[in-house]
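# Examining the three-dimensional arrangement
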Amino acid sequence: MANQLHVEVVAVEEKIWSGEAEMLVARTTEGEIGVLPGHAPLLGLLKEPSQVRVKLAGGDQLTYDVAGGFLSIDANGVTVLAESATPATSESR
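As the structure is a computational prediction, the values presented were derived from the model and not from experiment. (Residues numbered from 1 in each chain as written. Predicted model: local features only at pLDDT ≥ 70, side-chain atom pairs only at ≥ 80, totals over all residues. Heavy atoms only, no water.)

### Quick look at the overall build of the protein
Each helix and strand in the protein was counted, giving 0 helices and 10 strands. Element order for the protein, N to C, with α for helix and β for strand: β-β-β-β-β-β-β-β-β-β. The C-alpha radius of gyration of the protein comes to 12 Å, within 12% of the 12 Å expected for a compact globule of 93 residues. Along the first, second and third principal axes, the C-alpha atoms of the protein reach 30 × 25 × 25 Å. Residues classed as buried in the protein amount to 39% of the 93 residues present. Here the protein displays about 5,300 Å² of accessible surface, and carbon together with sulfur accounts for 51% of that area. (Helix = DSSP H or I, 4+ residues; strand = E, 2+ residues; numbered from the N terminus. Rg over C-alpha atoms; globule rule 2.2 N^0.38 Å. Buried < 20%, exposed > 50% of the residue type's maximum accessible area, 1.4 Å probe, protein only. Areas by Shrake-Rupley, 256 points an atom, 1.4 Å probe, with all protein chains shown as cover.)

In structure tokens, the structure reads:
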């Protein structure tokens, strides 16, 4: 699991998902960003509303509809802190 990224998706009232992933894709107010292991530190404001996609090993993907919040990338991984986050009902953007 050397090339894994630690991801946490957190809403105001609860932790939604936490685990290891190959990549995270989120839409910020500056545009869409893909986060891989070793990404430079960054703090981004999430576009509202939007989706966050967590790409897992083996090709699986988790998609969450998010409203408000930000994402923080540091040496430990990436944290998505949203006002609300729910599993997406479809994979469309």
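### Some remarks on the pattern of salt bridges
One pass over the full model with this rule turns up 2 salt bridges. For glutamate 32, the salt bridge goes to arginine 27, with nearest N and O atoms at 3.3 Å. Accessibility expressed as a relative area gives 30% for arginine 27, which makes it partly exposed. Arginine 53 serves as the salt-bridge partner of glutamate 32, at 3.7 Å between the closest nitrogen and oxygen. Highlighted residues: glutamate 32 in strand S4 (residues 31–35) and arginine 53 in strand S6 (residues 50–55), separated in sequence by 21 residues. Look at glutamate 32 and you get partly exposed, because its relative accessible area is 40%. Overlapping salt bridges bring together Arg27, Glu32 and Arg53 as one network. (Salt bridge = Lys/Arg side-chain N within 4 Å of Asp/Glu carboxyl O.)

### Some words on the environment of proline 37
As for its placement among the helices and strands, proline 37 is situated in the loop between S4 and strand S5 (42–45). Along the backbone, proline 37 and isoleucine 73 are 36 residues apart, and their C-alpha atoms lie at a distance of 10.0 Å. Discounting chain neighbours no more than four positions away, the residues touching proline 37 are Asn3, Gln4, Leu5 and Glu22. (Contact = heavy atoms within 4.5 Å.)

### Remarks on the sheet that holds S5
Sheet architecture is open: 5 strands sit in the order S2-S1-S9-S8-S5, paired in mixed fashion. Of all the strands in the sheet, just strand S2 (15–21) and S5 have a single pairing partner and so form its edges. Neighbour-to-neighbour, the strand axes of this sheet turn through a mean angle of 10°, independent of strand direction. Bridging between strand S1 (residues 5–11) and strand S9 (residues 77–82) involves 5 bridges; their strand directions are parallel. Bridge pairing in S9 places valine 9 opposite valine 80. (Pairing = 2+ DSSP bridges. Axes fitted to C-alpha atoms, helices over the stretch in contact; angles between N-to-C directions.)

### Let's talk about the nonpolar core
Within soluble globular proteins, side chains that are nonpolar tend to cluster in buried spots. In terms of nonpolar packing, the biggest core is built from 21 residues, with Val7, Leu24, Val35, Val54, Leu71 and Val78 touching the most fellow members. Broken down by secondary-structure element, the contributors of at least two residues to this core are S1, S2, strand S3 (23–28), S4, S6, strand S7 (61–67), strand S8 (70–74) and S9. In this structure, valine 35 is in contact with Leu5, Glu22, Met23, Leu24, Leu71, Ile73 and Val78, ignoring residues within four places of it in sequence. (Core = buried A, V, L, I, M, F, W, Y, C linked by side-chain atoms within 4.5 Å.)

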